[in-house]
Amino acid sequence: QVQLVESGGGLVQPGGSLRLSCAASGRIFAFSSMAWYRQAPGKQRELVASITLGGVTDYVDSVKGRFSISRDNAKNTVHLQMNSLKPEDTAVYYCRGRDWDATDYWGQGTQVTVSS
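The text that follows walks through the structure, step by step, so that each part is easy to find. In this text, all values refer to a predicted model and were calculated from it rather than measured experimentally.

### Comments concerning the pairing of strand β9 (residues 91-98)
The buried count for β9 comes to 6 of 8 residues, which makes it a mostly enclosed element. Pairing analysis gives 7 bridges linking strand β4 (residues 33-39) to β9, with the strands arranged antiparallel. Across the sheet, the residue bridging to Met34 is Gly97, located in β9. Sheet topology places β9 next to strand β11 (residues 110-114); 3 bridges connect them, and they run antiparallel. Within β11, the position partnered with Tyr93 by the bridge is Thr110. The sheet contact formed by β9 and strand β10 (residues 104-106) spans 3 bridges and is antiparallel.

Here you go:
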């Protein structure tokens, strides 16, 4: 059974940094793509950043220049480095792994709170 487990969330002051990690277990082959989503209270879940097996990345406009996604294909892990955090980045962050048949696997989420 494939499981994704996120870690690294927490409380940080505006302007601070956090690094989220997501580890996949129960699977041998790397996902075709991995991504981070977030959902703030009262809002829809949105795609924050994605990365393909070959390392091609994409970001939502609001985080460009501040967030960086990376992955380790051998370990089936994905990371999200978040710098210059703003209160509007506060949300539950979810990791998603997409299989080659387009099946999506989700983590349970990790809370990120940006507040002074």
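### Quick word on the environment of Ala23
Locating Ala23 in the fold gives a position in strand β3 (residues 18-25). On the accessibility criterion, Ala23 (37% relative accessible area) is partly exposed. Placed 37 residues apart in sequence, Ala23 and Val60 show a C-alpha to C-alpha distance of 22 Å. In this structure Ala23 touches Gln3, Leu4, Val5, Asn76 and Thr77, once residues within four positions along its chain are discounted.

### Re the state of the cysteines
Counting across every chain of the model gives 1 disulfide. Residue Cys22 pairs covalently with Cys95 via a disulfide, S to S 2.1 Å. Looking along the S-S bond of the Cys22-Cys95 disulfide, the torsion reads about -80°, which is the left-handed sense. Placement of the pair is Cys22 in strand β3 and Cys95 in strand β9, with a sequence separation of 73 residues. Here the two residues Cys22 and Cys95 agree in accessibility, since each one is buried.

### Some details on the pattern of salt bridges
Applying the stated criterion to the full structure yields 6 salt bridges. Between Arg38 and Glu46 there is a salt bridge; the shortest N-O distance is 2.6 Å. Overall, the relative accessible area of 6% leaves Arg38 in the buried class. Between Asp89 and Arg66 there is a salt bridge, and its shortest N-O distance comes to 2.8 Å. Taken together, the residues span a long stretch of sequence, with Asp89 in the loop between β8 (77-82) and β9 and Arg66 in the loop between β6 (57-59) and β7 (67-72) at a distance of 23 residues.

### Quick look at the side chain of Arg71
Take Arg71: it is sitting in strand β7. A distance of 2.8 Å separates the side chain of Arg71 from the backbone oxygen of Phe31, its partner in a polar contact. There is a polar contact of 3.2 Å between the side chain of Arg71 and the backbone oxygen of Thr52. Here Arg71 is in contact with Ala30, Phe31, Ser32, Ser33, Met34, Ile51, Thr52, Leu53, Thr77 and Val78, once residues within four sequence places are set aside.

Procedures and definitions
- Residues numbered from 1 in each chain as written.
- Predicted model: local features only at pLDDT ≥ 70, side-chain atom pairs only at ≥ 80, totals over all residues.
- Heavy atoms only, no water.
- Buried < 20%, exposed > 50% of the residue type's maximum accessible area, 1.4 Å probe, protein only.
- Helix = DSSP H or I, 4+ residues; strand = E, 2+ residues; numbered from the N terminus.
- Pairing = 2+ DSSP bridges.
- Contact = heavy atoms within 4.5 Å.
- Disulfide = S-S within 2.5 Å.
- Salt bridge = Lys/Arg side-chain N within 4 Å of Asp/Glu carboxyl O.
- Polar contact = N/O pair within 3.5 Å; in protein donor to acceptor, adjacent residues only side chain to side chain.

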